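Residue-level listing of the chains:
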Amino acid sequence: MITFPNAKINLGLNIVSRRPDGYHDLETVFYPVNVTDVLEIVPGTGDDATLTCYGHPVDCPTEKNLVMKAYRLMQRDYGVPPVDMHLYKSIPDGAGLGGGSSDAAHVMTMLNEMFSLGIDKAELARKAATLGADCAFFIYNTPMMATGIGDVLTPVDVDLKGRYLLLVKPDVSVPTREAYSRVTPEPSQVSPAQVVTWPVEQWDGVLKNDFEPSVFAAHPELWMMKATMLEAGAQYACMSGSGSSIVGIFDNATMAECARDKFTDCFTRVCEL
C-alpha cells in the first residue's frame with residue numbers, strides 16, 4: 001500500500017499563554033497542502049518491522065523516527081504484525097510544515113486500513129496526539145482551528161480552492177525551542193478562525209504569526225523573502241509555524257511561478273490549494 005503524506009501550513013499563529021507544564025497554549029489554523037512525501041507499507045518479511053528512508057536525509061535513529069514510533073504504538077495497542085516501511089522524504093525538515101507528523105499519522109491510518117482494525121478517526125487522533133501535538137491534525141487532514149498545544153481541533157470555514165501556494169524553504173534552521181523562548185505570550189486580539197473567513201486580500205497585517213518578529217530579527221533573509229513574495233503579487237504571505245519556510249498565496253499559477261523564479265537557491269514548490 002502506498003500513500004502520499006502531505007504537508008500543512010499555518011494560517012496565523014498566536015502564542016496565547018505559557019502553561020505550567022512548560023508548553024504553550026496557541027491558536028492557529030492548520031491548512032493541508034499538496035507537498036508530499038511517499039510512504040509504502042507492505043507485510044513484513046521478517047520477525048520485526050523495518051523502516052528504510054530515501055530522499056532528504058533523516059538524521060535520527062530508526063526507533064526515534066516518528067514513523068517507527070507510530071508503528072510501535074499501533075503494535076502495542078492493537079497488535080499489528082510486522083511490516084516493512086519505505087519512506088521517501090521530500091517535505092523539508094525544520095520548516096514548520098509538519099512533515100514528520102504527517103508521516104506518522106499516515107502510518108496509523110494505513111495500518112488501520114491494511115489490517116481492518118476499524119478504529120474511528122477520533123480514537124486515531126487521540127492516539128496520534130501522544131506522538132506530537134500536530135499529528136492529530138493529519139488524521140483528519142482538513143482545515144482545522146487548533147488550540148491548546150495544537151491538539152484541540154475544530155473544523156474551520158476556510159476555502160482557498162483555485163488559488164496557488166508558493167512555498168520557499170531556505171537553508172536556515174530555526175530550532176522550535178529557541179523560537180518559543182523568544183516569544184512573549186499574550187491573549188490574541190482576533191482569532192485566526194475568524195480572520196480566515198474574510199477575503200484573502202484582507203488578511204495581511206491581521207492574520208499574524210507571533211514567531212515572525214523574533215525569528216526575522218535573527219534571520220533577516222526570511223523577512224526579505226516574505227517581502228519579495230508580497231512585492232511579486234502574493235495576496236498573503238507568512239512564515240509557517242516556527243519557520244523557516246515562507247509561504248505566499250497567489251491568485252493564479254503564473255504569478256506564483258514568476259515569484260518562484262526569484263528564489264533560486266532554496267527548496268521551492270508551487271501547488272494548487
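That block above? That's the structure.
Reference entry: report on the structure contained in this document. (Residues numbered from 1 in each chain as written. Predicted model: local features only at pLDDT ≥ 70, side-chain atom pairs only at ≥ 80, totals over all residues. Heavy atoms only, no water.)

What follows concerns the overall build of the chain. Helix and strand counts for the chain stand at nine helices and 12 strands. Whereas a compact globule of 273 residues would reach a radius of gyration of roughly 19 Å, the chain reaches 19 Å, a difference of no more than 12%. When the backbone C-alpha atoms are referred to their principal axes, the chain occupies close to 55 × 40 × 35 Å. Per-residue burial for the chain yields a buried fraction of 49% across its 273 residues. A separation threshold of at least 6 residues defines the contact pool for the chain, and within that pool the share at least 24 residues apart is 73%. A total of about 12,400 Å² of accessible surface is found on the chain, and carbon and sulfur atoms cover 50% of it. (Helix = DSSP H or I, 4+ residues; strand = E, 2+ residues; numbered from the N terminus. Rg over C-alpha atoms; globule rule 2.2 N^0.38 Å. Buried < 20%, exposed > 50% of the residue type's maximum accessible area, 1.4 Å probe, protein only. Contact = heavy atoms within 4.5 Å. Areas by Shrake-Rupley, 256 points an atom, 1.4 Å probe, with all protein chains shown as cover.)

Further remarks concern the sheet that holds strand 9 (residues 164-169). Spatial strand order, 10-11-9-12: four strands in an open sheet with antiparallel pairing. One side of each edge strand has no neighbouring strand; the edge strands of this open sheet are strand 10 (236-239) and strand 12 (267-272). Ignoring strand direction, the axes of neighbouring strands in this sheet form an average angle of 15°. Pairing geometry for strand 9 and strand 11 (residues 246-250), over five bridges, is antiparallel. Of the residues in strand 11, the one forming a bridge with Y164 is F250. Contacts between helix 8 (residues 220-231) and the sheet are confined to strand 9, strand 10 and strand 11, with strand 11 contributing the most and set at about 5° to the helix. (Pairing = 2+ DSSP bridges. Axes fitted to C-alpha atoms, helices over the stretch in contact; angles between N-to-C directions.)

Turning to the pattern of salt bridges, a few remarks are in order. Proximity of charged atoms lets side chains of opposite charge pair with each other. Taken as a whole and judged by the stated rule, the model has 11 salt bridges. Across the pair R19 and D25 runs a salt bridge, and its minimum N-O distance is 3.0 Å. Since its relative accessible area comes to 27%, R19 is described here as partly exposed. With its nearest N and O atoms 2.9 Å apart, the salt bridge here joins D77 to K127. (Salt bridge = Lys/Arg side-chain N within 4 Å of Asp/Glu carboxyl O.)

This part takes up helix 8. Helix length check: helix 8 (12 residues) gives 16 Å between terminal C-alpha atoms against 16 Å at 1.5 Å per residue, within 8%. Every buried residue of helix 8 is listed here: L222, M225, K226, A227, T228 and M229. Tucked into the core, helix 8 has its buried residues touching strand 9, helix 7 (212-218), strand 10 and strand 11. Of the residues one or two after helix 8, G233 is the one with positive phi, at around 110°. (Expected span 1.5 Å × (residues − 1).)

Before going further, it helps to spend a moment on the sheet that holds strand 8 (residues 152-155). Read across the open sheet, the four strands follow the order 2-3-7-8; overall the sheet is antiparallel. Among the strands making up the open sheet, the edge pair consists of strand 2 (6-18) and strand 8. Averaged over neighbouring strand pairs, the angle between their axes works out to 25° when direction is ignored. Bridge analysis of strand 7 (residues 144-147) against strand 8 gives four bridges, and the strand direction is antiparallel. Bridging across to strand 8, A146 finds its partner in L153.

As enumerated under the stated definition, the model contains four aromatic pairs in all. Summarising the aromatic geometry, the rings of F30 and F137 are spaced 5.2 Å apart at their centres and angled 50° between planes, so their arrangement reads as tilted. Of this pair, F30 sits in strand 3 (residues 24-36) while F137 sits in helix 4 (residues 135-140), and the two are 107 residues apart along the sequence. When sorted by exposure, F30 lands in the same class as F137, which is buried. Taken together, the aromatic side chains of F30, F137 and F138 make up a single cluster linked through ring pairs. (Phe/Tyr/Trp six-rings, centres within 6.5 Å; stacked < 30°, edge-to-face > 60°.)

Attention now goes to the environment of E113. For E113, the location among the structural elements is in helix 2 (residues 99-114). With a relative accessible area of 54%, E113 lands in the exposed category. On a C-alpha basis, the gap between E113 and D103 in space is 15 Å, while along the polypeptide they are 10 residues apart.

In this model, the largest pocket occupies a volume close to 1,300 Å³. Surrounding the largest pocket, 38 residues form its lining, S101, D134, T176, Y180 and S242 being those nearest its centre. At the level of elements, strand 2, strand 3, helix 2 and helix 5 (176-181) are the ones that each hand at least two residues to the lining of the largest pocket. Residues that form the lining of the largest pocket fall into these classes: 16 nonpolar, 17 polar and five charged. Approximately 350 Å³ is the volume attributed to the second largest pocket. Lining the second largest pocket we find 18 residues, and of these N14, E186, P187, K208 and D210 sit closest to its centre. By residue class, the composition of the lining of the second largest pocket is seven nonpolar, seven polar and four charged. (1 Å grid on protein atoms, 1.4 Å probe; cavity = no way out; pocket = protein on both sides within 12 Å on 5 of 7 lines; lining within 4 Å. Points joined across faces, edges and corners; volume = space filled by probe spheres on them. Nonpolar A, V, L, I, M, F, W, Y, C, P; charged D, E, K, R; others polar.)

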